[in-house]
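# Examining the three-dimensional arrangement
Next come the chains, spelled out residue by residue.
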Amino acid sequence: DTRKLLVLPGDGIGPEVMREVAKVVTWLTAHRGLKLDIAEELVGGASLAKHGVPIRDEVIALAKEADAVLFGSVGDPAWSHVGFDKRPEVAILRLRQELELFANLRPAKVFDALLDASTLKPDVVRGLDIMIVRETVGGIYFGEPRGIETLPDGSRRGVNTEVYTTAEIERVARGAFDLARVRDNRVCSVEKCNVMESGLLWKQVVTDLHARDYADVELSHMLADNCAMQLVRNPRQFDVLVTGNLFGDLLSDLASMLTGSLGMLPSATLGAVQESGKRHALYEPIHGSAPDIAGQGIANPLAQILSFAMLLRYSFGREDDAVLIETAVSNVLASGFRTADIMSEGMARVSTAVMGDAVVQELRKL
Ligand code: NAI
Ligand code: MG
């Protein structure tokens, strides 16, 4: 029952926040019977500096073999002058492509202690815990035809096309239904079937799949524009939201502001189920490498730690350990520990390392 974990800290604050995850891993290994076979590799600017490429083929192969990948962040201003294929960010783009990571999962969870960080009224977001599942490899960002053409009269037109196939819709919907079963068992499917053919097919495919394989899960449908409004009006009505690439891009950014703080938000990207029954999955905070604060020991490690909790829940089936970590984080915040990004009056401002230690202290008490 040993699981293979590939750890890719990356650049900037990536390695700093990953060190705090290591403390949590050490504790779980000693006290909760977690057995991990961990490999760690360079990606991004760190890999460019040593190997001349943002990610080596060997690392891609390791990612394919691993049961899960824990990713930090890539991006380094030192490499911003070079060509596109030598940008640190190519590391994450290649991983998404090669592991066919087609579903991006973004939870928006509000911790009581950080209620005042939300852009909404406390009463609207208290206890909020929703998950947005966004299709990431299809839809209007990739559909053909696309391009900018010059018309006979010399004027130009830009074209993008939203294309979704039954298979593309089914696999992301399956991911959402599976997730709902280990959450509050409710899925809301979001499209604009009133004006879009791809949206109409989306709704039909989700409805058929539900009837066929997921009748135990509660399914509802909502138009994307209404959904944006509902997320601000009453976000707690949702459990799992599933939607296409474009609407998911907008709605997940909107939802992240319901919680208010970038340094607190984890994410996952799931790929296809392999023949072995294993599903490729990569977990990372939604924030980047934060070059403006890198090296100062002040970054918030909680998004990275919560990404690891998601990994335990969704890739390793260790719900209890995931809850333990999330409870520890919640308690640490309730005790007043704050990194600079979530600092408010009367609280104790702490470093990255002290925040990580505090989470482990709290795990000991649970
Ligand atoms: P960013 O998320 O790195 O930083 C935005 C702001 O939030 C900065 O002021 C930063 O200091 C702050 N911040 C971010 N994470 C924080 C944390 N854990 N604790 C405290 N403060 C935090 O986004 P930005 O500045 O747009 O991008 C910086 C670099 O990161 C770029 O090279 C970008 O391409 C890359 N990036 C990489 C991602 C990835 O690896 N998946 C995702 C987003 C950006
Ligand atoms: Mg976005």
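The residue numbers shown here count from 1 along each chain, following its written sequence. Ligands are numbered from 1 and chains lettered from A, in the order in which they are written. Per-residue local features are limited, in this predicted model, to residues with pLDDT of at least 70; the limit for side-chain atom pairs, both in listing and counting, is 80 or more; totals at the level of whole chains, interfaces and linings are taken over all residues.

## Examining the UniProt feature "site: Important for catalysis" (unreviewed entry) in the protein chain
- UniProt positions are given in the numbering used here, feature names are shortened, and annotations may be inferred rather than shown by experiment. The UniProt entry lists Tyr 141 and Lys 192 under the feature "site: Important for catalysis" (unreviewed entry), expressed in the numbering used here.
- To qualify as a helix, a DSSP run of H or I must reach at least 4 residues; to qualify as a strand, a run of E must reach at least 2; elements of each kind are numbered from the N terminus. Along the chain, Tyr 141 falls in the loop between strand S5 (129-135) and strand S6 (147-150).
- Put plainly, a residue is buried at 20 or more neighbouring C-beta atoms within 10 Å of its own, exposed at 12 or fewer, and partly exposed in between, counting only other residues' C-beta atoms, which are placed from the backbone. Here Tyr 141 falls in the partly exposed class, since 15 other C-beta atoms lie within 10 Å of it.
- In this description, a residue-residue contact is defined by the distance between C-beta atoms placed from the backbone, which must lie within 7 Å. Sequence-distant contacts of Tyr 141, that is, excluding residues within four places in its chain, are made with Asn 245 and Leu 246.
- Position of Lys 192 among the secondary structure elements: in the loop between strand S8 (186-191) and helix H7 (197-213).
- Judged by C-beta crowding, with 21 C-beta atoms within 10 Å, Lys 192 ranks as buried.
- Residue contacts for Lys 192: discarding those within four places in its chain leaves Gly 199, Leu 223 and Ala 224.

## Side note on the environment of Tyr 283
- By the secondary structure assignment, Tyr 283 is in strand S12 (residues 279-285).
- On the basis of neighbour counts, which here come to 26 C-beta atoms within 10 Å, the residue Tyr 283 falls in the buried class.
- C-alpha separation for the pair Tyr 283 and Leu 258, spaced 25 residues apart in sequence, amounts to 21 Å.
- With near-sequence residues (within four places) excluded, Tyr 283 lies in contact with Ala 68, Leu 70, Phe 71, Pro 266, Ala 268, Ser 307, Phe 308, Met 310 and Leu 311.

## Here we look at the nonpolar core
- Only buried Ala, Val, Leu, Ile, Met, Phe, Trp, Tyr and Cys residues enter a nonpolar core, and they are joined through C-beta atoms within 7 Å. The biggest cluster of nonpolar side chains holds 105 residues, and the ones touching the most others in it are Leu 70, Val 133, Ala 176, Leu 241, Tyr 283 and Ile 305.
- Take this core: its biggest share by element is ten residues, from helix H10 (residues 302-314).
- Excluding residues that lie within four positions of it along the chain, Leu 241 makes contacts with Ile 130, Ile 132, Val 133, Cys 188, Val 190 and Leu 251.

## Focus: the site of ligand 1
- Every one of the 21 residues lining ligand 1 counts as a neighbour, but Gly 75, Gly 263, His 287, Gly 288 and Asn 300 are closest to it.
- Split by residue class, the shell around ligand 1 holds nine nonpolar, eight polar and four charged. Residue proximity rests on one test: whether the C-beta atom, placed from the backbone, lies within 6 Å of the molecule or strand. Each residue gets one of three labels, nonpolar for Ala, Val, Leu, Ile, Met, Phe, Trp, Tyr, Cys and Pro, charged for Asp, Glu, Lys and Arg, and polar for the others, Gly among them.

## A few points about the sheet that holds strand S11 (residues 266-273)
- In short, DSSP must find at least two bridges between two strands for them to pair. Read from one edge of the open sheet, ten strands run S2-S1-S3-S12-S11-S4-S5-S10-S8-S9, paired in mixed fashion. The sheet terminates laterally at strand S2 (36-40) and strand S9 (218-223), the two strands that pair on one side only. Taking each pair of neighbouring strands and ignoring which way they run, the sheet shows an average axis angle of 20°.
- Where S8 lies against S9, six bridges are found, and the strand directions are parallel. Across the sheet, Arg 186 pairs through a bridge with Glu 218, a residue of S9.
- Lines fitted to C-alpha atoms define the axes, with helix axes restricted to the stretch in contact, and inter-axis angles between N-to-C directions lie between 0 and 180 degrees. Sheet strands in contact with helix H8 (residues 224-233) are S8, S9 and strand S10 (240-243), and its direction is about 105° off that of S9.
- In this fold helix H9 (residues 245-259) packs onto strand S4 (101-109), S5, S8 and S10, with an angle of close to 155° to the strand it touches most, S5.

## A few points about the domain arrangement of the protein chain
- Domain start and end points were adopted from an automatic or database domain assignment. Segmentation of the protein chain into domains returns domain 1 (1-109 + 261-366) and domain 2 (119-259).
- Centre-to-centre separation of domain 1 and domain 2, based on C-alpha positions: 25 Å.
- On the domain 2 side, the residues contacting the 18 residues of domain 1 number 20 residues.
- If you list the elements that add at least two residues to the side of domain 1 that touches domain 2, you get S4 and S11.

## Comments concerning unusual backbone geometry
- Residue Glu 144 is joined to Pro 145 through a cis peptide bond whose omega torsion reads 0°.
- Here Pro 145 shows up in the loop between S5 and S6.
- One non-glycine residue, Asn 185, adopts positive backbone phi at about 65°.
- On the secondary structure map, Asn 185 appears in the loop between helix H6 (166-181) and S8.
- In this structure, Ala 290 is a non-glycine residue whose phi angle is positive, near 40°.

## Notes on the UniProt feature "binding site: substrate" (unreviewed entry) in the protein chain
- The sites that carry the UniProt feature "binding site: substrate" (unreviewed entry) are, in the present numbering, Arg 96, Arg 106, Arg 134 and Asp 225. In terms of the greatest pairwise C-alpha distance, the residues named above, spread along 130 residues, do not form a single cluster, extending to 28.0 Å across.
- As for its placement among the helices and strands, Arg 106 is situated in strand S4.
- Take Arg 106: there are 22 C-beta atoms within 10 Å of it, and that puts it in the buried class.
- Setting aside anything within four residues of it in sequence, one finds Arg 106 in contact with Ile 132, Ser 252, Ala 255, Ser 256, Ser 267 and Ile 286.
- In this fold, Arg 134 is placed in strand S5.
- Taking the number of C-beta atoms within 10 Å as the measure of exposure, Arg 134 has 26 and is therefore buried.

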